[in-house]
Amino acid sequence: MSPETAVPLAGARAALEATTPAGAVGHRPVAGSVHSWDLSTGVDGPGTRFVTFLAGCPLACLYCHNPDTWKMRDGKRVLADAMVAEAAKYRAFIRAAGGGATLSGGEPLLQPVFAGELLHRFKHELGLHTALDTSGYLGVRATDALLRDTDLVLLDIKSWDPALYQRLTGRHLRPTLDFARRLARLDKEVWVRFVLVPGLTDAPANIAGVASFAASLGNVTRVDVLPFHKLGAAKWERLGLDFTLRDTPTPTAPEVAAARGAFAEYGLSAV
């Protein structure tokens, strides 16, 4: 992300007082805290994606590979105009590749006005498919207008067991399940994301619980089984955080295949 996209803090504070822009007639100078942006393929929605990583997250997942996105104050204050202009540079390539734009983080719904502005303008100005990558914990902050501008929700369901979920994230599971049910009522397409962590989330009953719930919703078109990895361990150390899973092994290929098979048994497409 280039330095010129950043805006002074005072201007950003004033901009954030704008109303949710999806129904606004004209643009308002909405700004937010952005960690970074990138182009990716295959993991953040269909096709090649322009991915904006918003700063700030209410969860503190034990296996998080981006702990540097946890605090909003560590991001750069950026105008939505600047992010849309950046994405526009790649619009032709993205559309030709069957891709779109994804909001990730951190947790995008920690900044719902900024997230809503970006989703609205990515979709309606640039004509891009839009995706929201979220834990669902702050799903109540997603307005109906924001969700109308979202074509796909990448929903992280980290565990079916409430106690394990709280141990993994420091938060409660119920808000995520409530948000998932709301998305089902809205018939919003969902890809469920499930991180397979040996000795934690890999218990057959835990996987079956997530699979059964996802299958019951009727709007889950894909499940991403994501193997636990330690690529973010150096960030934990650099930030002075204790990476408690340093001795946890990464799952083997047969273990990942078995987890995908467990989801498939419930009629879900798992990759």
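Fair warning: this is a prediction, and the values are worked out from it, not measured in the lab. (Residues numbered from 1 in each chain as written. Predicted model: local features only at pLDDT ≥ 70, side-chain atom pairs only at ≥ 80, totals over all residues. Heavy atoms only, no water.)

## Observations regarding helix α10 (residues 253-264)
A turn of α-helix holds 3.6 residues, and therefore any two residues three or four places apart point the same way. Helix length check: α10, at twelve residues, gives a terminal C-alpha distance of 16 Å against a target of 16 Å (1.5 Å per residue), a fit within 8%. Buried within α10 we find Val256, Ala259 and Phe263. With its buried residues spanning 60 degrees around the axis, α10 presents them on a single face. Opposite the buried face of α10, at more than 90 degrees from it, the exposed residues are Ala253 and Pro254. On its buried face, α10 is in contact with β7 (190-196), α8 (204-217) and β8 (220-227). (Helix = DSSP H or I, 4+ residues; strand = E, 2+ residues; numbered from the N terminus. Expected span 1.5 Å × (residues − 1). Buried < 20%, exposed > 50% of the residue type's maximum accessible area, 1.4 Å probe, protein only. Arc of directions from axis to C-beta. Contact = heavy atoms within 4.5 Å.)

## Overview of the pairing of strand β1 (residues 31-41)
Two elements, β1 and strand β3 (residues 76-79), share four bridges in a ladder whose sense is antiparallel. Residue pairing for β3: Ala31 is matched across the bridge by Leu79. The pairing of β1 with strand β2 (residues 48-54) spans seven bridges and is antiparallel. Across the sheet, the residue bridging to Asp38 is Val51, located in β2. Hairpin connection of β1 to β2: six residues between the antiparallel strands, including Gly42 at a positive phi of 95 degrees. (Pairing = 2+ DSSP bridges.)

## Focus: the packing of α8 against α10
At their nearest, the axes of α8 and α10 sit 9 Å apart, and the two run at 40 degrees to each other. On the basis of their axis angle, the class for α8 and α10 is oblique. Viewed along their axes, α8 and α10 form a crossing whose handedness is right-handed. Between α8 and α10, the contacting residues are Ile207, Val210 and Ala211 on the first element and Ala259, Ala262 and Phe263 on the second. Classifying every residue of the contact of α8 with α10 gives six nonpolar, no polar and no charged. (Axes fitted to C-alpha atoms, helices over the stretch in contact; angles between N-to-C directions. Parallel < 35°, antiparallel > 145°, perpendicular 65-115°, else oblique. Left-handed = near helix turned anticlockwise from the far one by under 90°. Nonpolar A, V, L, I, M, F, W, Y, C, P; charged D, E, K, R; others polar.)

## Points about the pairing of strand β6 (residues 152-156)
Summarising burial for β6: five of the five residues are buried, a large majority. Because side chains alternate across β6, one face comprises the buried residues Leu152, Leu154 and Asp156, and the other comprises Val153 and Leu155, equally buried. Pairing analysis gives four bridges linking strand β5 (residues 129-134) to β6, with the strands arranged parallel. Within the sheet, the bridge partner assigned to Ala131 lies in β6 and is Leu152. Two strands pair when backbone bridges link them, and β6 and β7 are joined in this way by four bridges, in the parallel orientation. By the bridge assignment, Val153 is partnered in β7 with Val190.

## So, the state of the cysteines
The final tally for this structure, using the stated rule, is zero disulfides. Cys61 carries a free sulfur, and the closest cysteine sulfur to it, the one in Cys64, is 6.2 Å from it. (Disulfide = S-S within 2.5 Å.)

## What about the confidence of the model for the protein chain?
With 90% of its residues at a pLDDT of 70 or more, the protein chain has an overall mean of 91. Every residue in residues 1-19 is under pLDDT 50, and counting partners more than four places away or in other chains gives 29 contacts. (pLDDT = per-residue confidence, 0-100.)

## Here's the deal with the sheet that holds β8
Judged by pairing direction, the sheet is mixed, and its eight strands sit side by side in the order β3-β1-β2-β4-β5-β6-β7-β8 without closing on themselves. Each edge of the open sheet is held by one strand with a lone partner, namely β3 and β8. Taking the axes of each pair of neighbouring strands and ignoring which way they run, one obtains an average angle of 30 degrees across the sheet. Relative to β7, α8 is tilted by about 180 degrees, and along the sheet it contacts β7 and β8.

## Regarding the nonpolar core
If you look at the biggest cluster of nonpolar residues, it comprises 70 residues, and the most contacted ones within it are Phe122 and Phe263. If we ignore the near neighbours within four places in the chain, the residues touching Phe122 are Phe50, Thr52, Met83, Val84, Ala87, Ala101, Leu103, Gly127, Leu128 and Thr130. (Core = buried A, V, L, I, M, F, W, Y, C linked by side-chain atoms within 4.5 Å.)

## Some remarks on the environment of Leu109
Inspection of the secondary structure puts Leu109 in the loop between β4 (100-104) and α4 (112-124). Distance from Leu109 to Leu146, taken between C-alpha atoms, is 10.0 Å for residues 37 residues apart in sequence.

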